[in-house]
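This is what each chain is made of:
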Amino acid sequence: MRIALLGGTGDIGEGLAVRWGRDTDHELLVGSRDPEKARAAADDYVETVADAGGDATVKGFDNAMAADRADVVVLAVPPYHVADTVDAVADNLDADDVVVTPAAGMKREDDGFHYHPPSAGSVTALVRDAVPDAVPVVGAFHNLAAGRLSDLSQDLGIDTLVLADDDEAADTVSRLAEEIEGLRALSAGGLSNAAEVESLTPLLINVATNNDDLHDLGVRFD
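A quick note: this is a predicted structure, and the numbers were derived from the prediction, not measured.

Parameters and conventions
Residues numbered from 1 in each chain as written. Predicted model: local features only at pLDDT ≥ 70, side-chain atom pairs only at ≥ 80, totals over all residues. Heavy atoms only, no water. 1 Å grid on protein atoms, 1.4 Å probe; cavity = no way out; pocket = protein on both sides within 12 Å on 5 of 7 lines; lining within 4 Å. Points joined across faces, edges and corners; volume = space filled by probe spheres on them. Helix = DSSP H or I, 4+ residues; strand = E, 2+ residues; numbered from the N terminus. Nonpolar A, V, L, I, M, F, W, Y, C, P; charged D, E, K, R; others polar. Phe/Tyr/Trp six-rings, centres within 6.5 Å; stacked < 30°, edge-to-face > 60°. Buried < 20%, exposed > 50% of the residue type's maximum accessible area, 1.4 Å probe, protein only. Axes fitted to C-alpha atoms, helices over the stretch in contact; angles between N-to-C directions. Parallel < 35°, antiparallel > 145°, perpendicular 65-115°, else oblique. Left-handed = near helix turned anticlockwise from the far one by under 90°. Contact = heavy atoms within 4.5 Å. Pairing = 2+ DSSP bridges. Salt bridge = Lys/Arg side-chain N within 4 Å of Asp/Glu carboxyl O.

(A) Up close: the layout of surface pockets. What the largest pocket holds in volume is close to 1100 Å³. Around the largest pocket sit 44 residues that line it, and Ile12, Ala76, Val77, Pro78 and Pro79 are the ones nearest its centre. If you list the elements that add at least two residues to the lining of the largest pocket, you get helix 1 (11-23), helix 4 (82-89), helix 6 (146-150) and helix 9 (200-209). Here the element with the most residues in the lining of the largest pocket is helix 9; it accounts for four residues. Classifying every residue of the lining of the largest pocket gives 23 nonpolar, 14 polar and seven charged.

The following block contains the structure:
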């Protein structure tokens, strides 16, 4: 399978790239508005995986070309870039693709981080409204600490919540998630439940910030 990580030069893109690169045989396509930056990041990820004893296939492209070549497209961009990124690649998406959004709207104030959804109600809903109608959208990987994900020496032992209205797309993304060692995928229902899932991200950041021994916090449901 080909997985595109649009905005894949950032923290969450790096984490997913090196984990899938080490743990799977999927071809990873790092996307960026700057293809040279994408190619440099791809080379770095291959080296990181090699240092951990793996052999990854990672290539860099501009976002549109990465999306055009992929089966699964992960929007690894900050929430305020999501709509522009989807708009830039919309012509490269079709009904056979799956678009995955891990972004959560937040704002930082003096007392900590707070959930700050867009007018659509959640970033996932924003993506659903932005992609072509026939393209299934899945919300996943919202609550993963990028630092923990990108550090291949760390065992994960955590869960990711998967949101989708399309069962086949949900199964595809859940399977990809569980191919990452130590990551378990749990269904959180349809896309209408996205706000509840996204709002966990600022909570986890606040807990990690206020407790010295809880850096790169994740969640596990038992």
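From this point on, the discussion continues.
(B) Geometry of the packing of aromatic side chains. Applying the stated criterion across every chain yields a total of one aromatic pair. Plain terms: the ring middles of Trp20 and Phe141 are 5.7 Å apart, the flat faces sit at 85 degrees to each other, and that makes the pair edge-to-face. With Trp20 in helix 1 and Phe141 in the loop between strand 8 (137-139) and helix 6, this residue pair connects regions lying 121 residues apart in the sequence. Judged by relative accessible area, which is 1%, Trp20 ranks as buried.

(C) Structural detail: the packing of helix 1 against helix 2 (residues 35-51). At a closest axis distance of 9 Å, the pairing of helix 1 and helix 2 adopts a crossing angle of 50 degrees. In terms of orientation, helix 1 and helix 2 fall into the oblique class. When you trace helix 1 past helix 2, the crossing you get is right-handed. Of the residues in helix 2, those touching helix 1 at Gly13, Glu14, Ala17, Val18, Gly21 and Arg22 are Tyr45, Thr48 and Val49.

(D) Expanded view of the pairing of strand 7 (residues 112-115). Note that strand 6 (residues 106-109) and strand 7 share four bridges and pair antiparallel. Of the residues in strand 7, the one forming a bridge with Arg108 is Phe113. Once strand 6 ends, the chain turns through two residues before running back antiparallel as strand 7.

(E) Quick peek at the pattern of salt bridges. Evaluation of the coordinates by the stated rule reveals nine salt bridges. Close ionic contact of Arg220 with Asp222 constitutes a salt bridge, the shortest N to O distance being 3.7 Å. In this structure Asp222 comes out as exposed when scored by relative accessible area, which is 89%. By sharing partners, the salt bridges in this structure join Asp159, Arg184, Arg220 and Asp222 into a single network.

(F) Seen up close, the sheet that holds strand 2 (residues 27-32). In space, the eight strands of this open sheet follow the order 3-2-1-4-5-8-9-10, with mixed pairing throughout. Only two strands of the sheet have a single neighbouring strand rather than two, namely strand 3 (57-62) and strand 10 (183-187). Pairs of neighbouring strands in the sheet enclose a mean axial angle of 25 degrees, with direction left out of account. In this structure, strand 9 (residues 158-164) lies alongside strand 10, joined through five bridges in parallel fashion. Bridging across to strand 10, Val162 finds its partner in Ser187. Across the face of the sheet, helix 1 comes into contact with strand 1 (2-6), strand 2 and strand 4 (72-75) while running at roughly 160 degrees to strand 1. Relative to strand 10, helix 7 (residues 167-178) is tilted by about 160 degrees, and along the sheet it contacts strand 1, strand 4, strand 5 (98-101), strand 8, strand 9 and strand 10.

Nothing here speaks to function; it is geometry throughout.
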